[in-house]
Amino acid sequence: MNSALRHPSPSIRTAKLLIDGKFIDSKSAHWQDIINPATQEVVGRVPMATAEEVEAAIASAHHAFDKWRRTPIGTRARVMLKFQELVRNNIKRIAHTLTTEQGKTLADAEGDIFRGLEVVEHACAIGTLQLGEFAENVATDVDTFTMRQPIGVCVGITPFNFPAMIPLWMFPMAIVCGNTFVLKPSEQDPLSTMELVELALEAGVPPGVLNVVHGGRNVVDALCTHSAIKAISFVGSTHVGTHVYELGSKHGKRVQSMMGAKNHAVVLPDAPREQTINALIGAAFGAAGQRCMAASVVVLVGKAQEWLPDFVKKAKSLTVGSGDQPNTDVGPVVSTRARDRIVGLINAGVSEGATLDLDGRNVLVNGFEQGNFVGPTIFSDVEPDMTIYREEIFGPVAVVVNVDSLDDAISLINKNPMGNGVAIFTRSGAAARRFQSDIDVGQVGINVPIPVPVPYFSFTGSRGSKLGDLGPYGKQVVQFYTQTKTVTARWFDDEDSNAGVNMTIALR
């Protein structure tokens, strides 16, 4: 539904650019439709920003940096305090926009915003998060201390699946640390992101401190290579994430790139049955499976393999429908292209010999016949060499793998190239402790199916799921958005005698 070379109709909502504190209409000749995934209705249009507009956004951020970095920490914290209040008061309104353009249920949309809001709340504590260290008398009358200072203009590139949470992971922490920011939201669903940006300005973010441009590959590349950009935060697909990391690193940027996943949920026979199945269903099919932390691989250990019929039965009870309709459990996927890709992978699973226990390919929703719906789908008898195991499906598809022991489960997971999230369900503390120690995955859940940490801790990830050393929030992100300056100081009294010339490196 690309409306290239066509200006948007004034009756359709358009995504604005934010440059130097002003929301402006792009002069681009290239626009893309924003589609309601449940109806195929055009709900808005987004421009592919021109090179001049991208340059203007970066220049605005660069110009604003010197004044903003000198703004007192308390002032920055109060902006975040006001921002979190405004977001909290507008959750339902933003969630409605998010559901309309992205497809997830209203409850999940509110959860999307809330998990981002938690990071804004954490940003309010910047006064303690950005503290340096001090040591007195490291040598005679010599003190050493460190300062954590902002690094400059930072960039955030966000995905379609969490248009509220992921931007809120990025720009609040960056700007509260004293940096300025250029945000590039997903072109598929930017309207809810822009509602958050409007609230940030209302909270007191000064002109130029936060800027927004829209676009695709050309805009991303311009941001990754510009000499004024100091750091890039990316969340999205492995292909694009690898490109962003390599391009940004080549041009001397700090880059954190959170990418694809193939998350496993290990079920031991001693796990609480009903609670575990409920957790697996929510983690596999919530948000129509469009989560980088979705539990898309269920690993049944030993006698837990007998639970498969219960898992299938529970999945069959889920309601597929438009996200704004009451009682909907699984909304549409974001686009017809995404739906076709998911259906193609289901077809591959069938042709490669997996058992299709629940088929969601031909789901019809009354009143929403044009929607991008895929129902909950479950495969069993899945082998590691099958396409549905190797590739991230990013849809409401769960694959079930059987193993004989916990050791086999750990070996299976550690051989997978991805390392985003993993979970184990058990009543055994000993089994859980061995699992958390031996597994090579960034986030580990023990009887928690989607172990995304709260903001006091950092989102991590490992191996093929992450490039860059530091995570996008928590203590690690303060390190990412600041540089450490170490000062060693000695002050002489006028009466101090001259100790002579020191020709060595030693402090005396």
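Residues numbered from 1 in each chain as written. Predicted model: local features only at pLDDT ≥ 70, side-chain atom pairs only at ≥ 80, totals over all residues. Heavy atoms only, no water.

Draft legend 1. View of the sheet that holds strand 7 (residues 134–139). Spatially, three strands are ordered 7-8-24 in an open sheet, and the strand pairing comes out antiparallel. Looking at strand neighbours, the two that pair on one side only are strand 7 and strand 24 (482–490), the edges of this open sheet. When the angles between neighbouring strand axes are averaged without regard to direction, this sheet yields 30°. With three bridges joining them, strand 7 and strand 8 (residues 142–150) adopt antiparallel strand pairing. Looking across to strand 8, one finds that Ala139 is bridged to Val142. (Pairing = 2+ DSSP bridges. Helix = DSSP H or I, 4+ residues; strand = E, 2+ residues; numbered from the N terminus. Axes fitted to C-alpha atoms, helices over the stretch in contact; angles between N-to-C directions.)

Draft legend 2. The arrangement of the packing of helix 2 (residues 73–89) against helix 4 (residues 106–123) in detail. Two elements in contact, helix 2 and helix 4, have axes whose closest approach is 8 Å; the angle formed by their N-to-C orientations is 160°. Judged by the inter-axis angle, helix 2 sits roughly antiparallel to helix 4. The interaxial crossing formed by helix 2 with helix 4 has left-handed handedness. Contact residues: Met80, Phe83, Gln84, Val87 and Arg88 in helix 2; Ile113, Phe114, Leu117, Val120, Glu121 and Ala123 in helix 4. (Parallel < 35°, antiparallel > 145°, perpendicular 65-115°, else oblique. Left-handed = near helix turned anticlockwise from the far one by under 90°. Contact = heavy atoms within 4.5 Å.)

Draft legend 3. Representation of a nonpolar patch on the surface within the structure. On the surface, Val454, Tyr456 and Phe457 cluster together to form a nonpolar patch covering roughly 350 Å² of accessible area. Considering the arrangement of structural elements, one finds Phe457 in the loop between strand 21 (443–446) and strand 22 (462–463). Classification of Phe457 as exposed rests on a relative accessible area of 57%. (Patch = residues over 30% accessible without salt bridge, like charges linked within 9 Å, V, L, I, M, F, W, Y side chains within 5 Å. Areas by Shrake-Rupley, 256 points an atom, 1.4 Å probe, with all protein chains shown as cover. Salt bridge = Lys/Arg side-chain N within 4 Å of Asp/Glu carboxyl O. Buried < 20%, exposed > 50% of the residue type's maximum accessible area, 1.4 Å probe, protein only.)

Draft legend 4. Broad picture of helix 2. Taking 1.5 Å as the rise per residue, helix 2 with 17 residues should run 24 Å; its terminal C-alpha atoms sit 25 Å apart, in good agreement. Regarding helix 2, the residues found buried are Arg76, Ala77, Val79, Met80, Phe83, Gln84, Leu86 and Val87. (Expected span 1.5 Å × (residues − 1).)

Draft legend 5. View of the confidence of the model for the protein chain. Looking at the protein chain, the pLDDT average stands at 94 and 97% of residues meet or exceed 70. Between residues 1–9, whose pLDDT stays under 50, and residues either more than four places distant or in other chains, the model counts 23 contacts. (pLDDT = per-residue confidence, 0-100.)

Draft legend 6. Representation of the packing of helix 3 (residues 91–102) against helix 4. Packing of helix 3 against helix 4 leaves a shortest axis separation of 8 Å and a crossing angle of 120°. Between helix 3 and helix 4, the angle is such that the two are oblique. Considering only the axes of helix 3 and helix 4, their crossing is right-handed. Across the interface between the two elements, Ile91, Lys92, Ile94, Ala95, His96, Leu98 and Thr99 of helix 3 pack against Leu106, Ala109, Glu110, Asp112, Ile113 and Leu117 of helix 4. Here the contact of helix 3 with helix 4 is built from residues that sort into eight nonpolar, two polar and three charged. (Nonpolar A, V, L, I, M, F, W, Y, C, P; charged D, E, K, R; others polar.)

Draft legend 7. Examining the pattern of salt bridges more closely. According to the stated counting rule, one finds 20 salt bridges in the structure shown. Between Arg115 and Glu118 there is a salt bridge; the shortest N-O distance is 2.7 Å. In this pair, Arg115 and Glu118 are both assigned in helix 4, three residues apart and thus about one turn of the helix distant. Taking relative accessible area as the criterion, Arg115 reaches 26% and is therefore assigned partly exposed. The closest approach of N and O atoms between Glu274 and Lys314, which form a salt bridge, is 3.2 Å.

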